[in-house]
Amino acid sequence: MNTALPDLSTTPDSPPAPEENELVLEAESLCASLQRARDAIAGAILGQDEVIEQTLITLLCGGHALLVGLPGLGKTSLVHATARALGMQEGRIQFTPDLLPGDILGSEILEDGDDGRRSFRFLPGPIFCRLLMADEINRASPRTQSALLQGMQEKFITVAGKRYDLPTPFHVLATQNPIEQEGTYPLPEAQLDRFLMHIEMRYPNLETEQRILIETTGEAPLEANAALSVEDLLRAQTLVRRMPVGERVANMILRLIRSARPDDGTDDQILWGPSSRAGQALMLASRARALLQGRFAPSSEDVHALAVPILRHRMALRFEAIAAGTRVEDLILERANRADTS
C-alpha cells in the first residue's frame, strides 16, 4: 500500500516540489483529451454516463471490466464506441458452449516450405488486439474461459510451449446477460478476480429512452468520434500510477478491504471476501476517477463511488445473510461508511 506519496493539496506556505509541478502539468494536458473521449462515447451511448465513466476508469488503470446487463441495453455498442473513441484495435469473440481455447488464442498449422520441408506456423487468434470484446463470456465452458486467464493477467499467452506477447495496451471488456441461466457456466472466482470492475448496465430513465427512440432510429447512426490515441492512453495509464494518494484515503481503502473479509469466521454475514488485489484495484481506480474529473489526487468520495463495482464480484454472503434479505452492494456501502469514519 503506497501511503508515502506526497499530497498535492499543499498549503500556500509549502510550495509544490518540481516533480509535483510536472505531474500537475501532465495531468492538465491529459484531462481535456479524456473529457473529449468521454463525451464522444456518451454521444453514441445515451443515458449510461456512470457506466461510461467506470469503463474509462478501468482502461486508465490498465484493467479489464465485466459488463453485466439485460439484452438490448447497449453493452456491445459501448465496446464499439469505446474502441473508436480511444483509437484502439478491436477484436470480438462470441462465446458459445462449443468454443475451444484455440478459437481464442490461435493455433499452430503445418505448412510446406518452398524447400519441401514441413514446419509449424502460429496462426494468431482474435485475442491479439488491444480491446477484446468477450461477448456472453459465461456461455463458454470453464476450460475455454480459463484460456483468457493468462492473457488477462500476464499480457502474454503460451501455445505449444512458446510465449507470444499480446499488444500493448491489452484490455478485455466481457459481457454477460444475468437472466440467461440455461446453457451457461458461472465464472469461477479466479477469473472474476481478473476483472477490475463489475459494471452493471440498467434500464434508462423515461427522458433518456425517449431520446434513444428518436436519435437511434434515424438515417445516420450514432457513432463515437476518435478523441484519444493509444499513445495518450498509455501516458494516462502511467500518470495514474504516479498520482499521489493521501494517508486518509489509503487508510480508508485498507480498512474497507479488511472489513469486507469474514475475519476468521467471526463475521456472520460474509462467506469470503476480497484479496489484496481488490485493494490495489480500488487504489488505482480512485486515482483514475480523480484524473477523469480533473483532480490531481483522489478523495474519500472516489472510494465511495467505486467500492461497489470493484468489490461486489470479489465477495460472497453467507446463506443466512442472503435469506435475511441482505444485498452485497448494501453491505459494501455500509462497510465503506464505517471505514470513512474510523
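This text gives an overview of the structure that appears in the document. These numbers come from a predicted model, not from an experiment.

1. What to know about helix α3 (residues 75–86)
Under the 1.5 Å per step criterion, the end-to-end length of α3 is 17 Å for 12 residues, consistent within 8% with the ideal 16 Å. Considered for burial, the residues of α3 that qualify are Lys75, Leu78, Val79, Ala81, Thr82, Ala83, Ala85 and Leu86. Gly87 occupies a position one or two residues after α3 and carries a positive phi of about 65°.

2. Considering unusual backbone geometry
Cis geometry marks the peptide bond from Thr168 to Pro169, where omega comes out at 0°. Even without being a glycine, Ala160 presents a positive backbone phi close to 55°. With respect to the helices, strands and loops of the structure, Ala160 is situated in the loop between β6 (156–159) and β7 (162–165).

3. Overview of the environment of Gly279
Topologically, Gly279 is positioned in helix α10 (residues 276–292). As a C-alpha pair, Gly279 and Ser146 span 133 residues in sequence and 23 Å in three-dimensional space. With sequence-adjacent residues up to four places away left out, Gly279 is seen in contact with Ile253 and Ile257.

4. With respect to the sheet that holds strand β1 (residues 65–69)
Read from one edge to the other, the open sheet built from five strands follows the order β2-β5-β8-β1-β9, with strand pairing classed as parallel. The open sheet has two edge strands with one neighbour each: β2 (90–94) and β9 (197–201). This sheet shows a mean twist of 20° between the axes of neighbouring strands, independent of strand direction. Where β1 and strand β8 (residues 171–176) come together, four bridges link them in parallel fashion. From the neighbouring strand, Val68 faces β8, where its bridge partner is Gln176.

5. A few points about the pattern of salt bridges
A full pass over the atoms with the stated rule returns 20 salt bridges. Between Arg235 and Asp232 there is a salt bridge, with the nearest N and O atoms lying 3.2 Å from each other. You can see Arg235 and its partner Asp232 sitting in helix α8 (residues 230–242), three residues apart, about one turn around the helix. One network of salt bridges, in which partners are shared, links Arg38, Glu53, Arg289, Arg295, Glu301 and Asp302.

6. Overview of helix α2 (residues 49–60)
Taking 1.5 Å per residue as the helical rise, α2 with its 12 residues ought to reach 16 Å, and the 16 Å between its terminal C-alpha atoms agrees with that figure. α2 sits mainly inside the fold: 10 of its 12 residues count as buried. Regarding α2, the residues found buried are Val51, Ile52, Glu53, Gln54, Thr55, Leu56, Ile57, Thr58, Leu59 and Leu60. Where α2 terminates, the next one or two residues include Gly62, which has phi positive at roughly 75°.

7. A word on the packing of aromatic side chains
In this description, a pair of aromatic rings is defined by centroid distance and the angle of the planes. Enumeration according to the criterion identifies two aromatic pairs in this entry. An angle of 70° between the planes, with centres 5.9 Å apart, marks the rings of Phe122 and Phe128 as edge-to-face. One exposure class covers both Phe122 and Phe128, and it is buried. Here Phe122 and Tyr164 contribute two aromatic rings whose centre-to-centre distance is 4.0 Å and whose plane-to-plane angle is 20°, an arrangement assigned as stacked. Here Tyr164 lies in strand β7 and Phe122 lies in strand β4 (residues 118–124), a separation of 42 residues in the sequence. An identical accessibility class is assigned to Phe122 and Tyr164; each is buried. The structure contains a cluster of three or more aromatic residues connected by ring pairs, namely Phe122, Phe128 and Tyr164. In this structure, Arg163 is placed above the aromatic ring of Phe156, and the distance from its NZ or CZ to the ring centre is 3.9 Å.

8. Here's the deal with the packing of α2 against α10
Direction vectors running N to C along α2 and α10 enclose 120°, while the axes themselves pass 9 Å from each other. Along this stretch, α2 crosses α10, giving a crossing that reads as right-handed. Across from Glu53, Leu56, Ile57 and Leu60 in α2, the residues of α10 making contact are Ala285, Ala288, Arg289 and Leu292. Split into classes, the residues belonging to the contact of α2 with α10 amount to six nonpolar, no polar and two charged.

Thresholds applied
- Residues numbered from 1 in each chain as written.
- Predicted model: local features only at pLDDT ≥ 70, side-chain atom pairs only at ≥ 80, totals over all residues.
- Heavy atoms only, no water.
- Helix = DSSP H or I, 4+ residues; strand = E, 2+ residues; numbered from the N terminus.
- Expected span 1.5 Å × (residues − 1).
- Buried < 20%, exposed > 50% of the residue type's maximum accessible area, 1.4 Å probe, protein only.
- Contact = heavy atoms within 4.5 Å.
- Pairing = 2+ DSSP bridges.
- Axes fitted to C-alpha atoms, helices over the stretch in contact; angles between N-to-C directions.
- Salt bridge = Lys/Arg side-chain N within 4 Å of Asp/Glu carboxyl O.
- Phe/Tyr/Trp six-rings, centres within 6.5 Å; stacked < 30°, edge-to-face > 60°.
- Lys NZ or Arg CZ within 6 Å of the ring centre and 35° of its normal.
- Left-handed = near helix turned anticlockwise from the far one by under 90°.
- Nonpolar A, V, L, I, M, F, W, Y, C, P; charged D, E, K, R; others polar.

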